[in-house]
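Each chain, written out:
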Amino acid sequence: MLSCPQRLMNKELNAKALALLRRFYGYDGFRPGQAEIIDAVASGRDALALMPTGGGKSLCYQLPALLSDGVCVVVSPLIALMDDQVSALMANGIPAAAVHSNRPEDEVREALEQTRLGRVKLLYTSPERFVADLGAWSRSLPIRLVAIDEAHCISQWGHDFRPVYTELADVKQSLPRVPVVALTATADRLTRDDIVKQLGLDAPFTWIGSFDRPNISIEVAPDPGKAGRIRRVRELVAKYPDDSGIVYCLSRSKAEDMTAALQAVGIRAACYHAGLGAAVREAAQRAFVNGDVSVVCATVAFGMGIDKSNIRWVVHNNMPANIEGYYQEIGRAGRDGLPAEAVMFHSVGDVITLRRFIDDSDSSRRGINSEKLGRMQAFVDAAVCRRRMLLSYFNEEKVRDCGNCDVCRSGRAIPAPPLCIVLFPSLLTFGVFGKHHTFLAPEHPHAIWRGTQPVAVVIRHIEHPQLYHLGYVIVPFGGTHVGTGAERTSRGWEKERCRVEAQEWLVVSVACGTAEGCAPRGGCAHKDAALSDFFGCVA
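Attention here is on the structure that accompanies the text. Note that the coordinates shown come from a computational prediction; the quantities given were computed from them, not determined experimentally.

### A closer look at a negative patch on the surface
A contiguous patch of negative charge, built from E105, D106, E107 and E110, is present on the exposed surface. Position of E107 relative to the elements: it lies in helix α6 (residues 105-116).

Right, dumping it as structure tokens:
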């Protein structure tokens, strides 16, 4: 437990935290959520903090560490991030150390000895090292808090699942009286719930910050070809000559090719991907952070935890595999709150490549990854405000179109309907706002078909935005059945996605009761757990 702060009243605790904030960080006030998380953690309570990139997650465990009489162990998946954080803390006069595989063993021993003596407030380590040494550290080090960064990595529902993170479930058993704070920038509701379950957090204080980054302009466009992509990057470099940008590529070879192409036209660019040596990657990251290069062309291996405020733009040369990754990557731009740009190019080839990646992945992840890719495709194809779709994916509602995405600027955005539509290849029931229900047999003239399987519909009023992001077919409501277009093929429906203007809207939704042996409130057999969860199928 954080023994000293526990004896303090919240007002006194907050005053101490604010004094430390001013002394070590030079800020006069907290960002939204920081004070609440610090108060909960410093009082000995587990916490789950979901804050956007640049939202100040690190302060949520660094200040509690300074308020305590021991050390906070910070688990991070990236060695470069650990070293950068330690350097920044030491420069501010806060004693910190890092223990990982790239450090000489004598330095590791010295760091652990200083920690044992109470001379280190923050000890950074990798999940592998922490899991291996947890037993010994729990006995020899004055651990008062454990902070798990990038906590979404523990969940199979997350976009960046890492098996080693699941072994962190032992932390609460080895340190039962030590609070744990899990932090992430990207996690939907299923992932958040899974983080709490996997880590065994005890009634954690939960803070879910807004995902909205209104200063980031969002643009999605068909791939213009290599020359067009290079031209767009050149435009951005010329527009922001004193700032930096990132170009994300789908493969290592494409990252190298883009780097060479930009260098050939006089742009200071570096390449970063997991296939390069550690020294090369570190040099590229250092050059980018220090401003020696203005552009990094990289795979998704780059960017996590980089603290650089003047990244002015992010370009995706290819469609990302999922919305979580996309959101996290574009969030690296505009951390200073000034206008920034996110540009994504996409093609059918991207989908084919990503499908192949999914087919080659762990069989236990294929269904989840396929579902996430489908939602990314829906985002790309949308004719509605992209920011509303993006926020709704994370269960956040935006009541107005943003005016700062390509769809809104084009004037072609369809007003957000009061109902949302989801297709599901199962025979369900049909109802009109609860007035009556009619069973839809496969031969029913108004059954909607996708592929070769009939899809029946259920009308349900949805006051929440969770399903809006799916971007499936929106069709006009006509009496007590699916009206115009009911005779169309599934291909025809796909072409009409989000493009039908009407006064009333249908919702085609997953609903439990008769489908595939589902019970109204549990035992759901649906493979799409996010939809099942929304409709109350998951216990």
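### Thoughts on the sheet that holds strand β4 (residues 122-125)
The 7 strands are arranged β3-β4-β2-β5-β6-β1-β7 in an open sheet whose pairing can be described as parallel. Looking at the sheet topology across the chains shown, the edges are occupied by β3 (96-99) and β7 (205-208). Averaged over all pairs of adjacent strands, the angle between strand axes in this sheet comes to 15°, irrespective of strand direction. Note that strand β2 (residues 71-75) and strand β5 (residues 143-148) share 5 bridges and pair parallel. Bridged to V73 within β5 is V146. Packing of helix α4 (residues 59-67) onto the sheet brings it into contact with β2, β4, β5 and β6 (180-184), and relative to β4 it is tilted by some 140°.

### Looking at the side chain of R192
Relative to the helices and strands, R192 resides in helix α10 (residues 189-199). Although R192 is buried, it forms no salt bridge, and the closest oppositely charged side chain is D193 at an N-O distance of 5.8 Å. Excluding residues that lie within four positions of it along the chain, R192 makes contacts with L48, L50, A187, I208, F394 and N395.

### Quick notes on the sheet that holds strand β13 (residues 340-346)
Taken in spatial order, the 6 strands line up as β8-β13-β12-β9-β11-β10 in an open sheet, and their pairing is parallel. Since the sheet does not close on itself, it has two edges, and those belong to β8 (216-222) and β10 (269-272), each with one partner. Ignoring which end each strand starts from, the neighbouring axes of this sheet average 15° apart. When β8 meets β13, the two strands line up parallel, connected through 7 bridges.

### Considerations on the pairing of β2
For β2, the buried fraction is high: 5 of the 5 residues fall into the buried class. The alternating pattern of β2 places V71, V73 and V75 and C72 and V74 on opposite faces, both of which are buried. In this structure, β2 lies alongside β4, joined through 4 bridges in parallel fashion. Residue C72 lies in a different strand from β4, and its bridge partner there is L122.

### Considerations on the environment of S155
Its place among the elements puts S155 in the loop between β5 and α8 (163-166). Sequence spacing of S155 and D194 is 39 residues, and the spatial spacing of their C-alpha atoms is 5.8 Å. S155 has contacts with F161, T191, D194 and R365, leaving out every residue within four places of it along the chain.

### Some points on α10
Within α10, the full set of buried residues consists of L190, T191, R192, D194, I195 and L199. One or two positions beyond α10, positive phi appears at G200, with a value near 65°.

### Things to note about the pattern of salt bridges
The tally for this structure, following the rule as stated, stands at 19 salt bridges. Linking K172 and D46 is a salt bridge whose minimum nitrogen-to-oxygen distance equals 3.0 Å. Taken together, the residues K172 in helix α9 (residues 171-174) and D46 in the loop between α3 (34-42) and β1 (47-50) connect sequence positions 126 residues apart. This pair shows no difference in class: K172 is buried, exactly as D46 is. Between D336 and R312 there is a salt bridge; the shortest N-O distance is 2.7 Å. With D336 in the loop between α14 (323-330) and β13 and R312 in strand β12 (residues 311-316), this pair connects stretches of sequence that are 24 residues apart. The network of salt bridges with common partners includes E219, R232, E235, K239 and E341.

### Thoughts on the environment of C297
Within the secondary structure, C297 is located in strand β11 (residues 295-298). Separated by 24 residues in the primary sequence, C297 and H273 have C-alpha atoms spaced 8.6 Å apart. Apart from residues lying up to four places away in sequence, C297 is in contact with V247, A255, M258, T259, L262, A270, C271 and Y272.

### Things to note about helix α17 (residues 386-393)
Given 3.6 residues to a turn, an α-helix orients residues that are three or four positions apart in the same direction. Counting buried positions over the 8 residues of α17 gives 8, a clear majority of the element. Within the sequence span of α17, burial applies to R386, R387, R388, M389, L390, L391, S392 and Y393. On its buried side, α17 packs onto β8, α14, α16 (363-381) and α18 (406-410). Backbone geometry just downstream of α17 places N395 in the positive-phi region, at approximately 65°.

Rules used throughout
Residues numbered from 1 in each chain as written. Predicted model: local features only at pLDDT ≥ 70, side-chain atom pairs only at ≥ 80, totals over all residues. Heavy atoms only, no water. Patch = residues over 30% accessible without salt bridge, like charges linked within 9 Å, V, L, I, M, F, W, Y side chains within 5 Å. Areas by Shrake-Rupley, 256 points an atom, 1.4 Å probe, with all protein chains shown as cover. Salt bridge = Lys/Arg side-chain N within 4 Å of Asp/Glu carboxyl O. Lys, Arg positive; Asp, Glu negative; His and termini not counted. Charge placed at Lys NZ, Arg CZ, Asp CG, Glu CD. Helix = DSSP H or I, 4+ residues; strand = E, 2+ residues; numbered from the N terminus. Pairing = 2+ DSSP bridges. Axes fitted to C-alpha atoms, helices over the stretch in contact; angles between N-to-C directions. Contact = heavy atoms within 4.5 Å. Buried < 20%, exposed > 50% of the residue type's maximum accessible area, 1.4 Å probe, protein only.

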